[in-house]
Amino acid sequence: MSAVNVAVLAEKRWAIVVGVIIAAIVGIMVVTGLHWSSMPPSRVETIDPRTLHISGEFAEGNLGTSVGSDGKVVVRLIAQQYSFEPQCLVVPAGLPVTFRGTSTDAIHGFIVGKTNANVMLIPGYVATFTTTFRKVGDELMPCHEYCGSGHAAMWAHVQVLPPEEFMRKAKAGERMSCVRR
Ligand code: CUA
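Remember, predicted model here, so these are calculated numbers, not experimental data. (Residues numbered from 1 in each chain as written. Predicted model: local features only at pLDDT ≥ 70, side-chain atom pairs only at ≥ 80, totals over all residues. Heavy atoms only, no water.)

**Thoughts on the overall build of the protein chain**
In terms of helices and strands, the protein chain carries two helices and 10 strands. Written out in order from the N terminus, the α and β elements of the protein chain read α-β-β-β-β-β-β-β-β-β-β-α. Scaling as 2.2 N^0.38, a compact globule of 181 residues should have a C-alpha radius of gyration of about 16 Å, whereas the protein chain reaches 24 Å, well beyond that. Over its C-alpha atoms, taken along the principal directions, the protein chain stretches across nearly 85 × 40 × 35 Å. Burial statistics for the protein chain: of 181 residues in total, 33% are counted as buried. Nonlocal contacts in the protein chain, meaning residues at least 24 apart in sequence, comprise 62% of its contacts between residues at least 6 apart. As displayed, the protein chain offers around 11,200 Å² of accessible surface, 61% of which is attributable to carbon and sulfur atoms. (Helix = DSSP H or I, 4+ residues; strand = E, 2+ residues; numbered from the N terminus. Rg over C-alpha atoms; globule rule 2.2 N^0.38 Å. Buried < 20%, exposed > 50% of the residue type's maximum accessible area, 1.4 Å probe, protein only. Contact = heavy atoms within 4.5 Å. Areas by Shrake-Rupley, 256 points an atom, 1.4 Å probe, with all protein chains shown as cover.)

Okay, here's the thing in structure tokens:
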């Protein structure tokens, strides 16, 4: 067999291998696409964005940080064009903190400093995640989804307190924030 024929055979073999890999990837995309479109992801929580500020979990008096009787720290917040409510959040360092948030109008999102607290807020859905802040200090919390002309000016502050100081300030059932009144 000549060197040219050997090369042609090798090329063909690799063409078949690549073809199989591409077919497998396309197959995975088709199967997962059909699967997920026929089944909503688990843990989806919906909420009516037109009435969420009037009553229920996201009414004004419920926003901010609370410590439950079980000791769980929960932060509830709302995003709207172009601010977060509350504008300043208080959280403890070194303890798990659960965020629950939603939007009243456009798609917003936020990230807290350089931490892994990072989420999208979509009208009609409650976004939730739990994280632990490692470092005490003040962090900036900008909106990171383009939401309109005021997007660049949309941000809040997060005060990460030492856990003892946080617990001293937290009174059972009360909502905390660091918004100056
Ligand atoms: Cu809100 Cu960008």
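**So, the environment of tryptophan 155**
Structurally, tryptophan 155 can be placed in strand S10 (residues 155-161). Once residues within four sequence positions are removed from consideration, tryptophan 155 is found in contact with Phe84, Gln87, Leu140, Met141, Pro142 and Cys143.

**A look at the packing of aromatic side chains**
Counting across every chain of the model gives five aromatic pairs. Judged by centre distance (5.8 Å) and plane angle (50 degrees), the ring pair of phenylalanine 99 and phenylalanine 110 falls under tilted. Placement of the pair is phenylalanine 99 in strand S5 (residues 96-103) and phenylalanine 110 in strand S6 (residues 108-111), with a sequence separation of 11 residues. For the pair phenylalanine 99 and phenylalanine 110, one class covers both residues: buried. For the ring pair phenylalanine 99 and phenylalanine 129, a centre distance of 5.0 Å and an interplane angle of 10 degrees mean the geometry is stacked. Placement of phenylalanine 99 in strand S5 and of phenylalanine 129 in strand S8 (residues 127-132) is noted, with a sequence separation of 30 residues between them. (Phe/Tyr/Trp six-rings, centres within 6.5 Å; stacked < 30°, edge-to-face > 60°.)

**Comments concerning the layout of surface pockets**
If a probe as big as a water molecule is rolled over the atoms, it shows which places are left empty. Volume-wise, the second largest pocket comes out at about 160 Å³. Lining the second largest pocket are Lys114, Thr115, Asn116, Thr131, Thr132, Phe133, Arg134, Lys135, Glu139 and Val160. The class makeup of the residues in the lining of the second largest pocket is two nonpolar, four polar and four charged. (1 Å grid on protein atoms, 1.4 Å probe; cavity = no way out; pocket = protein on both sides within 12 Å on 5 of 7 lines; lining within 4 Å. Points joined across faces, edges and corners; volume = space filled by probe spheres on them. Nonpolar A, V, L, I, M, F, W, Y, C, P; charged D, E, K, R; others polar.)

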